[in-house]
Amino acid sequence: MPSWEQKHAGNRAYRQRAALPPEVAAEAEPVAEALRDRFAGLRERKLHGEVHVAKAVRAVAPPGTNVIIRAGGARSAVVFAIELRGGCLTGFYDERESKVEVGGYINDGGCLTAPGH
């Protein structure tokens, strides 16, 4: 019989990211670096919130890619995703920190979990 920990891990499996092929990661990394630079500029100017994050994310997103921006809950957090060819650039930004990652799709499909998960 599976343990509680195994059941819990299975229940959270929808969040796990698929591996990203190295050639896709190599194409996505310059976009990620450009976004990190933009976030550094926002932080220097003490700008945060959905409007500023959305501008930064859309400025680096390749033309024709799907961009998702949503409030992240705590403080001024904003989560985002840029759906790239075969994977995702995801992360968050708030007044204290930011994170930009390159990875595959989650097991549920897409780049971000559904709101409320």
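One structure accompanies this document, and this report is about it. (Residues numbered from 1 in each chain as written. Predicted model: local features only at pLDDT ≥ 70, side-chain atom pairs only at ≥ 80, totals over all residues. Heavy atoms only, no water.)

## Topic: helix α2 (residues 22-44)
Okay, step 1: Look at α2: 33 Å from first C-alpha to last across 23 residues, which is about the 33 Å you get at 1.5 Å a residue.
Okay, step 2: Along α2, the sharpest change in direction is near 30 degrees and occurs at Ala28; proline Pro30 comes one to four residues later.
Okay, step 3: All of the buried residues along α2 are Val24, Ala28, Val31, Ala32, Leu35, Phe39, Gly41 and Leu42.
Okay, step 4: Within two residues after α2, Lys46 carries a phi angle of roughly 60 degrees, on the positive side. (Helix = DSSP H or I, 4+ residues; strand = E, 2+ residues; numbered from the N terminus. Expected span 1.5 Å × (residues − 1). Bend = angle between axes of the 7 residues up to and from the residue. Buried < 20%, exposed > 50% of the residue type's maximum accessible area, 1.4 Å probe, protein only.)

## Structural notes on the state of the cysteines
Okay, step 1: Under the definition given, this model contains one disulfide.
Okay, step 2: A sulfur-sulfur separation of 2.1 Å characterises the disulfide bridge that pairs Cys88 with Cys111. The S-S bond linking Cys88 to Cys111 shows a torsion near -85 degrees; that makes this disulfide left-handed. Of the two residues, Cys88 sits in strand β3 (residues 87-93) while Cys111 sits in the segment after β4 (98-103), which places them 23 residues apart along the sequence.
Okay, step 3: Relative accessible area serves as the criterion here: at 1%, Cys88 is assigned to the buried category.
Okay, step 4: When its relative accessible area of 3% is taken as the criterion, Cys111 is described as buried. (Disulfide = S-S within 2.5 Å.)

## Focus on the packing of aromatic side chains
Okay, step 1: The full count for this structure, using the stated rule, is two aromatic pairs.
Okay, step 2: Grouped by ring-pair contacts, the aromatic residues Phe39, Phe80 and Tyr93 constitute a single cluster. (Phe/Tyr/Trp six-rings, centres within 6.5 Å; stacked < 30°, edge-to-face > 60°.)

## Re the pairing of strand β2 (residues 78-84)
Okay, step 1: The buried count for β2 comes to five of seven residues, which makes it a mostly enclosed element.
Okay, step 2: Relative to β2, strand β1 (residues 66-71) runs antiparallel, the two being bridged by six bridges. Its bridge partner lying in β2, Ala71 is registered against Val78.
Okay, step 3: Counted along the chain from β2 to the antiparallel partner β3, the turn is two residues long, and its residue Gly86 has a positive phi close to 80 degrees. (Pairing = 2+ DSSP bridges.)

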